[in-house]
Amino acid sequence: MVSATIIESWNRRWATDEGRADFLEPHPEVVALLPVLKSRGASAALDLGCGVGRHSLFLADAGLDVEAMDASATGLEVLRQTATARNLTLEIRHADADSLPFPEATFDFVLSWDVIYHGNLGDVGRRIAEIWRVLKPGGLFQCTMLPWRNNNYGVGRQVAPGTFVVDGDEHHSQPHFYCDATTLLALFSGFEIFRLSQHQKRKPGSWHWNVVAERSNERPMLKR
């Protein structure tokens, strides 16, 4: 579960224009997937860990029925105000990623951008299992994960296999889990990989996995 300290740090970030500046436009990888979603007839979408809602707003503007969910009340309030200003309708829910308050097979698409790798291997595995549960068979899940080539891999204290904490760093004081391709594929045992690539963010060396996976009928094996 995300700690109160981490949530407070995100609340502080979302409360300022400067803190929100890098989180206002949808990521190109998400934009690029929209034609695929349209071609598959996707209608119900969950933006898990939506922050201030850059992807929720994009998906709602594209005509999807969106549930936007985050643990930061400040981020959700910014999203609520932006959606109202843009005359967009979406459901906004204050909750975290560890226990999704939805029935099985609710969504055609789940997006979780820069969210589920906060924790250890077991945390990530349980979150992926929950996402599998709320996806319809054949639904798509798009997310980011952290690869070993990321510059922060191995920095700070190792608190679990592949998991590091940097004391005194507001963002990295929360555990971050890093994995190779073999571990990533094992985590997605309940899915068929649709797309798998790596991209860098603005900072050199900030490599992330970009994963798009289709929910299969086989329940994923929970990692501990």
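For the structure, check the block above.
Along each chain, the written sequence defines residue order, and numbers are assigned to residues from 1. Local features in a predicted model are, by the rule used here, given only for residues with pLDDT of at least 70; side-chain atom pairs are given and counted only at 80 or more, and totals for whole chains, interfaces and linings are based on all residues. Only hydrogens and water are set aside when side-chain values are computed; all heavy atoms of the structure are taken into account.

A. The arrangement of the overall build of the protein in detail. Secondary structure elements are defined from DSSP: runs of H or I of at least 4 residues count as helices, runs of E of at least 2 residues count as strands, and each element is numbered from the N terminus. Looking only at helices and strands, the protein has 7 helices and 10 strands in total. Scaling as 2.2 N^0.38, a compact globule of 224 residues should have a C-alpha radius of gyration of about 17 Å, and the protein matches this with 16 Å. Overall size of the protein, expressed as C-alpha extent along the three principal axes, is 45 × 45 × 30 Å. The buried share among the 224 residues of the protein stands at 50%. Whether two residues are in contact is decided by their heavy atoms, any of which lying within 4.5 Å being enough. If you take every contact in the protein between residues at least 6 apart in sequence, the share linking residues at least 24 apart comes to 69%. Carbon together with sulfur atoms contributes 50% to the accessible area of the protein, which is approximately 10,400 Å² in total. In this charge count, Lys and Arg are treated as positive and Asp and Glu as negative; neither His nor the chain ends contribute. Every charge is mapped onto a representative atom, which is NZ of Lys, CZ of Arg, CG of Asp or CD of Glu. The averaged location of the 27 negative side-chain charges in the protein is 3 Å from the averaged location of its 23 positive side-chain charges. With C-alpha atoms as the basis for the radius of gyration, the globule rule is written as 2.2 Å multiplied by the number of residues raised to the power 0.38. Exposed residues in this analysis have more than 50% of their type's maximum accessible area, buried residues have under 20%, and partly exposed residues fall in between, with area computed by a 1.4 Å probe over protein chains only. Note on areas: Shrake-Rupley with a 1.4 Å probe; residue coverage comes only from the protein chains shown.

B. Representation of the packing of aromatic side chains within the structure. Ring pairs shown here join Phe, Tyr and Trp side chains whose ring centres sit within 6.5 Å, with only the six-membered ring taken for Trp; geometry is labelled stacked below 30 degrees between planes, edge-to-face above 60, and tilted in between. Following the criterion strictly, the structure yields 11 aromatic pairs and no others. Ring geometry for Phe 102 against Phe 107: centres 5.0 Å apart, planes inclined by 85 degrees, an arrangement best described as edge-to-face. Taking relative accessible area as the criterion, Phe 102 reaches 8% and is therefore assigned buried. Note on Phe 107: relative accessible area 2%, which makes it buried. Residues Trp 148 and Tyr 153 carry aromatic rings whose centres are separated by 5.8 Å and whose planes lie at 15 degrees to one another, so their mutual orientation is stacked. Residue Tyr 153 is classed as partly exposed on the basis of its relative accessible area, which comes to 32%. Put simply, the rings of Trp 148, Tyr 153, Phe 164 and Tyr 178 touch in pairs and so form one group of aromatic residues.

C. Layout of the pattern of salt bridges. Any carboxyl oxygen of Asp or Glu that lies within 4 Å of a side-chain nitrogen of Lys or Arg is treated as forming a salt bridge with it. The final tally for this structure, using the stated rule, is 10 salt bridges. The closest approach of N and O atoms between Asp 17 and Arg 20, which form a salt bridge, is 2.5 Å. In this pair, Asp 17 and Arg 20 both sit in helix α2 (residues 17-20), 3 residues apart, roughly one turn of the helix. Here Asp 17 falls in the exposed class, since its relative accessible area comes to 60%. Between Arg 93 and Glu 67 there is a salt bridge whose closest N-O contact spans 3.6 Å. Placement of the pair is Arg 93 in strand β3 (residues 91-94) and Glu 67 in strand β2 (residues 65-70), with a sequence separation of 26 residues. Relative accessible area serves as the criterion here: at 30%, Arg 93 is assigned to the partly exposed category.

D. Just helix α5 (residues 73-85), in detail. Helix span is expected to be 1.5 Å times the residue number reduced by one. Here α5 is 13 residues long and its end C-alpha atoms lie 18 Å apart, about the 18 Å a rise of 1.5 Å per residue gives. For α5, the complete set of buried residues consists of Gly 75, Leu 76, Val 78, Leu 79 and Ala 83. An end-on view of α5 places all buried positions within 155 degrees of arc, on one side of the element. For α5, exposure combined with an orientation more than 90 degrees from the buried face picks out Thr 84 and Ala 85. Of the surrounding secondary structure, the elements contacted by the buried residues of α5 are α1 (4-14), α2, α4 (54-61), β2 and β3. Of the residues flanking the end of α5, it is Asn 87, one or two places downstream, whose phi is positive at about 60 degrees. This arc is built from the directions going out from the helix axis to the C-beta atoms.

E. Layout of α4. Among the 8 residues in α4, 7 count as buried, and that is most of the element. Of all the residues in α4, the buried ones are Arg 54, His 55, Ser 56, Leu 57, Phe 58, Leu 59 and Ala 60. Count one or two residues on from α4 and you reach Gly 63, which has phi positive near 100 degrees.

Honestly, it's all geometry; don't read function into it.
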